[in-house]
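Structural features, examined
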There are 2 protein chains.
Amino acid sequence: MTFTPRTPRVVAARRLQRRRDRDRAGRFLAEGPQAVRSALLAGAVLELFGTPSALDRHAELAARAPQVSPVTDEALAALAETVQPQGLVAVCAQADVSLAEALAKRPRLVAVAAEIRDPGNAGTVLRTADAAGAGAVVFAGDAVDPYNGKCVRSSAGSLFHVDVVRAPLPVVDDLRAAGLQVLATTGHGDTDLDRLLDDRLLARPTAWLFGSEAHGLPEAVMAAADHRVRVPIYGGAESLNLAAAAAVCLYASARAQRQESLR
Amino acid sequence: MTFTPRTPRVVAARRLQRRRDRDRAGRFLAEGPQAVRSALLAGAVLELFGTPSALDRHAELAARAPQVSPVTDEALAALAETVQPQGLVAVCAQADVSLAEALAKRPRLVAVAAEIRDPGNAGTVLRTADAAGAGAVVFAGDAVDPYNGKCVRSSAGSLFHVDVVRAPLPVVDDLRAAGLQVLATTGHGDTDLDRLLDDRLLARPTAWLFGSEAHGLPEAVMAAADHRVRVPIYGGAESLNLAAAAAVCLYASARAQRQESLR
């Protein structure tokens, strides 16, 4: 039996495109083979919807899902938010942890997305933090829902690889109490990344705070951090975009920590 | 007199939203105060269109434009490609240079966007390369038009700060002849960025080649480069997005070159 857009299970799953329903159900949607594969490896998939041809093409994924539901092309289009979902959409269990739980594992690198409302930017920070080896990514304050469809897609699977935390905005004290130095990124810092590297400060366990491209970090967060850090601009650009700035900072830490551990 | 969407000068300017017309006229559009300011500083503005209130609000920009044309809200909406252009659109002269001309200045850092068709990604590479101090950005092969509206916007003014080059795909020999080592970015490199840094290879004058996120670099370009370089992935992510990878590579070079020059 192939489900249609009106089948109750499809109707219920489709509601997860809305934040309120995601929050209430503790579930969310992941679409496309790459995200579904990461979700399966993380044990997060509750039900896999797919067109018969996609389930056939990705038989190794379907074999690992606890429940597989074939759907019509119309039902898949209703479940998916992109034009080309490649035939697969999974209902997944939300698995974010508390800040205390994430910090108890003593991560040496943490990224904090503070009040970042653009889901593409937030997902990219998640992906970049994961690539740089961060143990946790904190969505602090009035940030986008990490389970927003566009955030899930931009994270390219990384949502399932690192500890994701949703927390109120004041996180700096907790981060510091967990042995992390707290570095706030800003265009007008009292120091810059080159100086931190020269002074060998980046080998320490570090939490990087990133604000939105439009508004930067809230003043109170900036003031609470150990340093306010500029990424140096060597040319005529006024600034870097968020993804680029996060990549430069997180990779600078990753390399400094690695060199220290080999010393 | 305030121009309407049917005023011939507005109609002619609006055609610049199409590549064919941009190529023919050697002109393009830049919208919003930030891009207009950079264009004015670069001497690229031919005519500034603005709503009366925007021209009033940005009187210091209007004062520097060689020709200022007030337009109705409707005419501005027709000229602009974004929903919130903030009242200003400038017709600018294209100013890309040949590869030979750019290399004659002996830049120590060059970014090559090879067959990158996404205008947002190409513009971000331009912005990031400018921030890292690159002297030139080469759009090679079947890449997006650097004067595409979305590319101009993503570049955040950097289109006007660095030498922009449009060239056929085989650029590696010319880059090397200009004294640059040529590094191709790929997920499957024979070396990685950490090793290049450890071996102090990044202090040399360098051209970085970036391919599209979907397809990577063309085989022939990859083979012609001096090294095929991975950005190390320390966590579970499969890869970085293009903006993040470009930022990590270009900033690694910028720092290594700077350290060398201070030695």
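Our structure's up above, just so we're on the same page.
These remarks concern the structure in this document. (Residues numbered from 1 in each chain as written. Chains lettered and ligands numbered in written order. Predicted model: local features only at pLDDT ≥ 70, side-chain atom pairs only at ≥ 80, totals over all residues. Heavy atoms only, no water.)

**Points about the sheet that holds strand β4 (residues 88–93) of chain B**
Residue and element names in this part refer to chain B.
- The sheet built from four strands is open, its strands ordered β1-β4-β2-β3 with mixed pairing. Two strands close off the open sheet at either side, each with one partner strand: β1 (27–31) and β3 (68–70). Adjacent strand axes in the sheet meet at a mean angle of 20°, parallel and antiparallel pairs treated alike.
- Taken together, the three bridges between strand β2 (residues 45–50) and β3 define a ladder with parallel strand orientation. If you follow F49 over to β3, its bridge partner there is S69. (Pairing = 2+ DSSP bridges. Helix = DSSP H or I, 4+ residues; strand = E, 2+ residues; numbered from the N terminus. Axes fitted to C-alpha atoms, helices over the stretch in contact; angles between N-to-C directions.)

**Notes on unusual backbone geometry**
Residue and element names in this part refer to chain B.
- Even without being glycine, E115 reaches a positive phi, approximately 55°.
- Among the secondary structure elements, E115 is positioned in the loop between β5 (109–114) and α8 (119–131).
- In this model, A156 sits at a positive phi of 50°, which is unusual for a non-glycine residue.
- In this structure, A156 sits in the loop between α9 (149–155) and β7 (163–167).

**What about the layout of surface pockets?**
- The calculated volume of the largest pocket comes to roughly 1500 Å³.
- If you go around the largest pocket, you meet 41 residues; those closest to its centre are A:N121, A:E213, A:N241, B:K150 and B:S154.
- Listed by contribution, the elements that provide at least two residues to the lining of the largest pocket are α8 (119–131), α9 (149–155) and α13 (242–262) of chain A together with α3 (33–41), α8 and α9 of chain B.
- Classifying every residue of the lining of the largest pocket by side-chain character gives 11 nonpolar, 19 polar and 11 charged.
- Empty space within the second largest pocket amounts to approximately 890 Å³. (1 Å grid on protein atoms, 1.4 Å probe; cavity = no way out; pocket = protein on both sides within 12 Å on 5 of 7 lines; lining within 4 Å. Points joined across faces, edges and corners; volume = space filled by probe spheres on them. Nonpolar A, V, L, I, M, F, W, Y, C, P; charged D, E, K, R; others polar.)

**Points about the sheet that holds strand β9 (residues 191–192) of chain A**
Residue and element names in this part refer to chain A.
- Judged by pairing direction, the sheet is parallel, and its seven strands sit side by side in the order β7-β6-β5-β10-β8-β11-β9 without closing on themselves. Of all strands in the sheet, those bounded by a partner on one side alone are β7 (163–167) and β9.
- Summarising the sheet, strand β6 (residues 136–140) and β7 pair through five bridges and their orientation is parallel. Bridge pairing links F139 to R166 in β7.
- Contacting β5 (109–114), β6, β7 and β10 (206–210), α8 crosses the sheet at an angle of about 160° to β6.
- Where α13 meets the sheet, it contacts β5, β8 (181–185) and β10, and its direction lies at approximately 175° from that of β10. (Contact = heavy atoms within 4.5 Å.)

**A few points about the environment of A:R176**
All names here are of chain A.
- Locating R176 in the fold gives a position in helix α10 (residues 172–177).
- In this structure, the C-alpha to C-alpha distance between R176 and L197, residues 21 residues apart in sequence, is 20 Å.
- With residues up to four places along the chain from it excluded, the contact list for R176 reads V182, A224, A225 and D226.
- Within the structure, R176 has its side chain in polar contact with the side chain of D226 (distance 3.0 Å). (Polar contact = N/O pair within 3.5 Å; in protein donor to acceptor, adjacent residues only side chain to side chain.)

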